[in-house]
Amino acid sequence: MQFILTRLLWSSLTFTGFVGAIIGFALPIIPGIPFLILMIYSLKKLSPAFHRWLSRTRFAEWLKKHQPTLAKWLVS
């Protein structure tokens, strides 16, 4: 039961982050980047396969080089 609730929580945070990022990129008043970071972090917690894929992308390498603190939090 706790596993289902945990997955439901991470899924809802992923969806909220996605919707917030789309709205944030469409409207200049709302910042989209924090919602995008929320989406990536919660998707990382939700899916180990996504985490493995994310750690092997060019984006992850760029992030490790230019923003090591954020990369440690999101990718590692």
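Keep in mind that this is a model prediction, so the values were computed, not measured.

## A short note on helix α1 (residues 2-26)
A rise of 1.5 Å per residue sets the reference length of α1, with its 25 residues, at 36 Å; its end C-alpha atoms lie 36 Å apart and thus fit the reference within 8%. Those residues of α1 that are buried are in contact with α2 (33-46).

## Here we look at the packing of α1 against α2
α2 packs onto α1 with a crossing angle of 155° between their chain directions and a minimal axis gap of 7 Å. As the angle between them shows, α1 and α2 are arranged roughly antiparallel. Classified by chirality, the crossing of α2 by α1 is left-handed. Across the interface between the two elements, Arg7, Trp10, Ser11, Leu13, Thr14, Thr16, Gly17, Phe18, Gly20, Ala21 and Phe25 of α1 pack against Ile33, Phe35, Leu36, Leu38, Met39, Tyr41, Ser42, Leu43, Lys45 and Leu46 of α2. In terms of residue class, the contact of α1 with α2 is made up of 13 nonpolar, six polar and two charged.

## Quick word on the nonpolar core
Residues Ile40, Phe50, Leu54, Ala60, Leu63, Ala71, Leu74 and Val75 constitute the largest nonpolar core, which totals eight residues. Counting residues per element, the ones that place at least two in this core are α3 (48-54), α4 (58-66) and α5 (68-74). Sequence-distant contacts of Phe50, that is, excluding residues within four places in its chain, are made with Ile40, Leu43 and Lys44.

## Describing a nonpolar patch on the surface
Taken together, Phe15, Phe18, Val19, Ile22, Ile23, Leu27, Ile29 and Ile30 make up a surface patch of nonpolar side chains, about 760 Å² in accessible area. For Leu27, the location among the structural elements is in the loop between α1 and α2.

Cut-off values and rules
- Residues numbered from 1 in each chain as written.
- Predicted model: local features only at pLDDT ≥ 70, side-chain atom pairs only at ≥ 80, totals over all residues.
- Heavy atoms only, no water.
- Helix = DSSP H or I, 4+ residues; strand = E, 2+ residues; numbered from the N terminus.
- Expected span 1.5 Å × (residues − 1).
- Contact = heavy atoms within 4.5 Å.
- Axes fitted to C-alpha atoms, helices over the stretch in contact; angles between N-to-C directions.
- Parallel < 35°, antiparallel > 145°, perpendicular 65-115°, else oblique.
- Left-handed = near helix turned anticlockwise from the far one by under 90°.
- Nonpolar A, V, L, I, M, F, W, Y, C, P; charged D, E, K, R; others polar.
- Core = buried A, V, L, I, M, F, W, Y, C linked by side-chain atoms within 4.5 Å.
- Buried < 20%, exposed > 50% of the residue type's maximum accessible area, 1.4 Å probe, protein only.
- Patch = residues over 30% accessible without salt bridge, like charges linked within 9 Å, V, L, I, M, F, W, Y side chains within 5 Å.
- Areas by Shrake-Rupley, 256 points an atom, 1.4 Å probe, with all protein chains shown as cover.
- Salt bridge = Lys/Arg side-chain N within 4 Å of Asp/Glu carboxyl O.

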